[in-house]
Amino acid sequence: EFRPNTRLDRIADCVQFNYMQMGSRHAGLTNFALADGSVIEIRAVQPDDKPILAAGFERLSSESRRRRFFTMKNGLSVEEMRYLTEFDGVNHYAIGAMSSGTGDLPAGGIGVARLVRSERDADTAEIAIVIVDEWQHHGVGSLLLEHIIAAAAERGVRQIRATALAENQEIRELINQHSDQVTARSVEPGVVEFSFPLALPMEPRALDALLSTFRLVAEGALIVPVWFGRQTVRRLLARSNREPERD
């Protein structure tokens, strides 16, 4: 079990996790520890997750539904459920958080983070996060945000957008915690769009080498120990932050 302690640790884990998920249609669960000691499981959303998403929707309060869908919503249609679980994994991707139950916190699906690439600008993607009410304010949203942003970076996204009700202070604070370059603009009465640039803290040369290595691993052309991903990512990130570029 690994408990993230630094930003380099978290970025390394996110990059390793998402490359593992990209390489498997039925990706296995990966455990992550929250600040309060709770352990949750995160994996890519799959087509057969429809019952889990439906159950999670039923656990959302009317206010949480309104904040997520910008309107009162009583259920998800067959077409909506298909859209939310059947996607290409490149221009549309989602990860889900699960819990086996901790203390008074219930088990089951507890949150989803999603990215959808803009049809007008391939460098831009819109993200959305929803957490069931009982698990809100436990750090699930922050963890899902880091993972979905890492997934966006792997897919070539360079600008993140998120639309929310202007009154939704929680999402504003969550996004501001991740980036100090957030801009906000009103897109319609009562609705705000947040945006910020996406950039991993490493030089392009190191990033290219890292991604090339992971592609080889995913294709089966390179076999490495299971710990290779996190250790290598973390070392490359640390090295690129402290070493000047050589001729």
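In what follows, the structure referred to is the one given above.
Quantities reported herein were computed from a predicted structural model and do not represent experimental measurements. (Residues numbered from 1 in each chain as written. Predicted model: local features only at pLDDT ≥ 70, side-chain atom pairs only at ≥ 80, totals over all residues. Heavy atoms only, no water.)

1. Concerning the pairing of strand E5 (residues 124-131)
Every regular strand shows the same layout, with side chains that alternate between the two sheet faces.
Then comes step 1: Extensive coverage of E5 is indicated by the burial of six of its eight residues.
Then comes step 2: Pairing of strand E4 (residues 108-117) with E5, which is carried by seven bridges, proceeds in the antiparallel orientation. Residue pairing for E5: Ala113 is matched across the bridge by Ile129.
Then comes step 3: Sheet topology places E5 next to strand E6 (residues 159-165); three bridges connect them, and they run parallel. Bridge pairing links Glu126 to Arg161 in E6. (Buried < 20%, exposed > 50% of the residue type's maximum accessible area, 1.4 Å probe, protein only. Helix = DSSP H or I, 4+ residues; strand = E, 2+ residues; numbered from the N terminus. Pairing = 2+ DSSP bridges.)

2. Focus on the nonpolar core
Then comes step 1: Ranked by size, the top nonpolar core spans 46 residues in total, and within it Ile40, Ile42, Leu115, Trp135, Val140, Leu144 and Ile148 carry the most contacts.
Then comes step 2: Looking at this core element by element, the count peaks at nine residues for helix H5 (residues 140-154).
Then comes step 3: Not counting residues within four places of it along the chain, the set of residues in contact with Ile40 comprises Thr30, Asn31, Phe32, Leu34, Ala97, Met98, Ile110, Trp135, Val140 and Leu143. (Core = buried A, V, L, I, M, F, W, Y, C linked by side-chain atoms within 4.5 Å. Contact = heavy atoms within 4.5 Å.)

3. Some words on the pairing of strand E8 (residues 191-197)
Then comes step 1: Across the seven residues of E8, six count as buried, placing the element largely inside the fold.
Then comes step 2: In this structure, E6 lies alongside E8, joined through seven bridges in antiparallel fashion. Bridge assignment links Ala164 to a residue of E8, and that residue is Val192.
Then comes step 3: Where strand E7 (residues 183-188) and E8 come together, five bridges link them in antiparallel fashion. By the bridge assignment for E8, Arg185 is matched with Glu193.

4. Notes on the pattern of salt bridges
Then comes step 1: Evaluated as defined, the whole model comprises eleven salt bridges.
Then comes step 2: Between Glu134 and Arg59 there is a salt bridge, and its shortest N-O distance comes to 4.0 Å. Pair noted here: Glu134 is in the loop between E5 and H5 and Arg59 is in the loop between helix H2 (50-58) and helix H3 (62-69), with a separation of 75 residues, a long-range link.
Then comes step 3: Look at Glu134 and you get partly exposed, because its relative accessible area is 36%.
Then comes step 4: Classification of Arg59 as partly exposed rests on a relative accessible area of 22%.
Then comes step 5: The shortest N-O distance in the salt bridge between Glu167 and Arg66 comes to 2.3 Å. Taken as a pair, Glu167 in the loop between E6 and helix H6 (169-178) and Arg66 in helix H3 lie far apart in primary sequence, 101 residues in all. (Salt bridge = Lys/Arg side-chain N within 4 Å of Asp/Glu carboxyl O.)

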